[in-house]
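Architecture at a glance
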Amino acid sequence: QVQLVESGGGLVQAGGSLRLSCATSGRTFSSYAMGWFRQAPGKERDFVAAISWSGGSTYYADSVKGRFTVSRDNAKNTLYLQMNSLKPEDTAVYYCAAREGSSYYYTRIQYDYWGQGTQVTVSS
């Protein structure tokens, strides 16, 4: 079992940047593939970015490609999401997710563990 706690959300103007963190505890972080998802009000939870257990492979939703960067520090048991050039449509609750595995995964059903989420609001 692994516990996930997101932080770093907040209110930012369009064009600004935020860095989200996901601190983990429990099982060995380096054995987990990790992902970021987001959910806007009234919408489904959508995939944002994923990273393999080594950090060597990453994958992004088209809507964030070139603006967001996912990374991990296995020594600190922490996952990150650097978000640049933020847009109002990026406003959502952002969730980190984990599952055992060596690849990257980009659908909700593939993940076993979820954090509680952190709110990101981008004003126009």
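Above this text sits the structure in question.
Fair warning: this is a prediction, and the values are worked out from it, not measured in the lab.

Its location among the elements puts Arg45 in strand β5 (residues 45-51). Here Arg45 sits buried without a salt bridge, and the closest side chain of opposite charge, Glu6, lies 7.2 Å off (N-O distance). Among the polar contacts made by the side chain of Arg45, one reaches the side chain of Gln39 at a distance of 3.3 Å. When residues no more than four places from it in sequence are discounted, the contact partners of Arg45 are Phe37, Arg38, Gln39, Tyr95, Arg108 and Trp114.

Position of Ser52 relative to the elements: it lies in the loop between β5 and β6 (58-60). Ignoring anything within four residues of it in the chain, the contact list for Ser52 reads Ala33, Ser57, Arg72, Ser102, Ser103 and Tyr104.

Strand order in the open sheet formed by four strands is β1-β3-β8-β7, and the pairing between neighbours is antiparallel. Edge positions in the sheet fall to β1 (2-7) and β7 (68-73), since each has one partner strand and no second. Across this sheet, the average inter-strand angle for adjacent strands is 15°, counted without regard to direction. Relative to strand β8 (residues 78-83), β7 runs antiparallel, the two being bridged by six bridges. Bridging from a neighbouring strand, Val70 pairs with Leu81 of β8.

With 35 residues, the main nonpolar core has Met34, Trp36, Leu79, Leu81, Met83 and Tyr94 as its most contacted residues. If you list the elements that add at least two residues to this core, you get β1, β3 (18-26), β4 (32-39), β5, β7, β8, β9 (92-100) and β11 (118-123). In this structure Leu79 touches Leu20, Ser21, Cys22, Phe29, Met34, Gly35, Trp36, Ile51, Val70, Ser71, Arg72 and Cys96, once residues within four positions along its chain are discounted.

With that settled, the discussion passes to the pairing of β3. Relative to β3, β1 runs antiparallel, the two being bridged by six bridges. Bridge pairing links Val5 to Ala23 in β3. In this structure, β3 lies alongside β8, joined through six bridges in antiparallel fashion. Paired with Cys22 across the bridge in β8 is Leu79.

Here we take up unusual backbone geometry. Phi at Asn77 is positive, roughly 55°, even though this residue is not glycine. Tracing the backbone shows Asn77 in the loop between β7 and β8. By relative accessible area, which is 31% here, Asn77 ends up partly exposed.

Per the stated rule, a full pass over the model turns up three salt bridges. Residue Asp90 is joined to Arg38 by a salt bridge in which the shortest nitrogen-to-oxygen separation is 2.9 Å. Linking Asp90 in the loop between β8 and β9 with Arg38 in strand β4, this pair joins segments that are 52 residues apart in sequence. Note on Arg38: relative accessible area 12%, which makes it buried. Ionic pairing is found between Asp62 and Lys65, a salt bridge with its closest N-O pair at 3.1 Å. When its relative accessible area of 65% is taken as the criterion, Asp62 is described as exposed.

Reading guide: rules and limits
- Each chain has its residues counted from 1, following the order in which its sequence is written.
- Totals for whole chains, interfaces and linings use every residue, but because this is a predicted model, local features are given only for residues with pLDDT of at least 70 and side-chain atom pairs only at 80 or more, for both listing and counting.
- Only hydrogens and water are set aside when side-chain values are computed; all heavy atoms of the structure are taken into account.
- Counting from the N terminus, the helices are DSSP H or I runs at least four residues long and the strands are E runs at least two residues long.
- Whether a residue is buried, partly exposed or exposed follows from its accessible area with a 1.4 Å probe, protein chains only, as a fraction of its type maximum: under 20%, in between, or over 50%, in that order.
- In summary, the charge assignment counts Lys and Arg as positive and Asp and Glu as negative, without counting His or the chain termini.
- Should a side-chain nitrogen of Lys or Arg be within 4 Å of a carboxyl oxygen of Asp or Glu, the pair is scored as a salt bridge.
- Polar contact criterion, stated in full: a pair of N or O atoms within 3.5 Å, where within protein one must be able to donate a hydrogen and the other to accept it, and residues adjacent in sequence count only if both atoms are side-chain atoms.
- Any pair of residues with heavy atoms lying within 4.5 Å of one another is described as a contacting pair.
- A pair of strands is labelled paired if DSSP reports no fewer than 2 bridges between them.
- Geometry is summarised by axes, namely lines fitted to C-alpha atoms with helices restricted to the contacting stretch, and by angles between N-to-C directions that run from 0 to 180 degrees.
- Here, nonpolar core means buried Ala, Val, Leu, Ile, Met, Phe, Trp, Tyr and Cys residues that are tied together by side-chain atoms lying within 4.5 Å of each other.

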